[in-house]
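Below, each chain spelled out in residue letters.
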Amino acid sequence: MSRSWKTTIFGVLAVAGAMVMAAMAAVAGMTGTAGTAYGREGPIGSVGRDLWASATIEPGREGIVEVGGYEGVPLGEGSVLTLTAPAQTRVTGTPFAAGGYRGAIALGGISGTYTFVGAPAAAGPAADDSAADESVADDSAVDESAADDSVAHESASVGWKGRTFPFVLSVPANAEPGTRLPDCSLVLRDANGTVRQRGSCAVTVGLPAPVLSRPHSGVPLGALPRTSGTAYPGAQVTVRDAQEEEVCATTAAPAGTWSCVPSRALPPGPGRLQATATYNGVSATSEQIDIVVTGAADAQP
């Protein structure tokens, strides 16, 4: 084989080898960055899932939103969890009672925070042990150094991971049941202000429970008793017996009242009734009432 042909063949092989090495390097680079996201606020730790929270709260009521889901690296003192209240609501409480966390509410309740201030300090020695402590004073410097390292490690390791944090939210009375309130957000930052994890919270406006006011419990009834009460205007109301069989159904009037008569005769003897209201994808149930059917089917008290 001539020298020129050898040179050509070796040149082709060198180019092919360079291309293969470049492709392997690209794949290795992609593999090395998997699981870590970068943005303008710095790296977000590989944690497997976002922060999460959900709650259903009735109009004009307060409810608790439990925030959890952090499984990332331990965050030390000064790290902060913030919940930004969804539209139309406000944060009214941060009731987490465990030591090491300080809750706070922003002006106007637009957000709430928990700050990790460190693991609670261990209880000091009792007064009766003071003499014994003095006898080992020579070893105190070494022991205190080890204890400080232990407390620091404990402080850094217990923050956020495997815990849930409650925020109390207030929903206005004019909120429509079934609505999912927008703009609820969660963010966890370390002591330097770097975002470590984000999330969103689903806050749904609940449905007030209907009231089953008639028939009255304990009063003998006919087999077709009229049932009535109150519910959210426009809600579909269904009355069921103890076997979850439908007794009657209707729609609550604009004034919030409703009534219906069973389409079939109720069996004689003791029984139980309960009303369920459904509106815009959410539902609520009334208290149960005990009844006793003694009359004929044509009796409708």
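Residues numbered from 1 in each chain as written. Predicted model: local features only at pLDDT ≥ 70, side-chain atom pairs only at ≥ 80, totals over all residues. Heavy atoms only, no water.

### Brief notes about the side chain of Ser79
Then comes step 1: Considering the arrangement of structural elements, one finds Ser79 in the loop between strand E2 (62-67) and strand E3 (80-84).
Then comes step 2: Here Ser79 falls in the buried class, since its relative accessible area comes to 0%.
Then comes step 3: A polar contact of 2.7 Å, which involves the side chain of Ser79, links it to the backbone oxygen of Gly76. (Helix = DSSP H or I, 4+ residues; strand = E, 2+ residues; numbered from the N terminus. Buried < 20%, exposed > 50% of the residue type's maximum accessible area, 1.4 Å probe, protein only. Polar contact = N/O pair within 3.5 Å; in protein donor to acceptor, adjacent residues only side chain to side chain.)

### Quick word on the state of the cysteines
Then comes step 1: Applying the stated criterion to the full structure yields 2 disulfides.
Then comes step 2: The side chain of Cys184 participates in a disulfide bridge whose partner is Cys201; the two sulfur atoms lie 1.5 Å from each other. Residues Cys184 and Cys201 are joined by a disulfide whose S-S torsion is about -75°; by sign, that bridge is left-handed. With Cys184 in the loop between strand E8 (180-181) and strand E9 (185-189) and Cys201 in strand E10 (residues 195-205), this pair connects stretches of sequence that are 17 residues apart. The burial state of Cys184 is the same as that of Cys201; both residues are buried.
Then comes step 3: One disulfide bridge connects Cys248 with Cys260, the sulfur atoms lying 2.1 Å from each other. When the S-S torsion is 45°, as for the bridge of Cys248 with Cys260, the disulfide is right-handed. (Disulfide = S-S within 2.5 Å.)

### Points about the sheet that holds strand E4 (residues 90-93)
Then comes step 1: On the basis of which strands lie adjacent, the open sheet formed by 3 strands has the order E2-E7-E4 and antiparallel pairing. Looking along the sheet, the strands with just one partner apiece sit at the ends: E2 and E4. Taken over all neighbouring pairs, the strand axes of this sheet differ in orientation by 45° on average, direction set aside. (Pairing = 2+ DSSP bridges. Axes fitted to C-alpha atoms, helices over the stretch in contact; angles between N-to-C directions.)

### Considering the pairing of E10
Then comes step 1: Among the 11 residues of E10, 8 are classified as buried, and the element is accordingly described as predominantly covered.
Then comes step 2: Pairing analysis gives 7 bridges linking strand E1 (residues 51-57) to E10, with the strands arranged parallel. Counted as the bridge partner of Ala55 is Val203 from E10.
Then comes step 3: Inspection of the sheet shows E9 paired to E10 by 5 bridges, in the antiparallel sense. If you follow Ser185 over to E10, its bridge partner there is Ser200.

### Looking at the nonpolar core
Then comes step 1: Leu81, Leu83, Trp160, Phe165, Phe167 and Leu169 are the most contacted members of the largest nonpolar core, which totals 29 residues.
Then comes step 2: Listed by contribution, the elements that provide at least two residues to this core are E1, E2, E3, strand E6 (111-116), strand E7 (165-170), E9 and E10.
Then comes step 3: Per-element tally for this core: the top contributor is E1, with 4 residues.
Then comes step 4: Setting aside anything within four residues of it in sequence, one finds Leu81 in contact with Leu51, Val67, Gly112, Thr113, Tyr114, Trp160, Phe165, Phe167, Val187 and Leu188.
Then comes step 5: Membership of the second largest hydrophobic core comes to 23 residues, among which are Ala223, Ala235, Ile289 and Val293. (Core = buried A, V, L, I, M, F, W, Y, C linked by side-chain atoms within 4.5 Å. Contact = heavy atoms within 4.5 Å.)

### Structural notes on the confidence of the model for the chain
Then comes step 1: Predicted confidence across the chain gives a mean pLDDT of 78, with 69% of residues reaching 70 or more.
Then comes step 2: In the model, residues 1-48 has pLDDT below 50 throughout and makes 24 contacts with residues more than four positions away in sequence or in other chains.
Then comes step 3: Below pLDDT 50 for its whole length, residues 144-156 participates in 8 contacts with residues either more than four positions away or in separate chains. (pLDDT = per-residue confidence, 0-100.)

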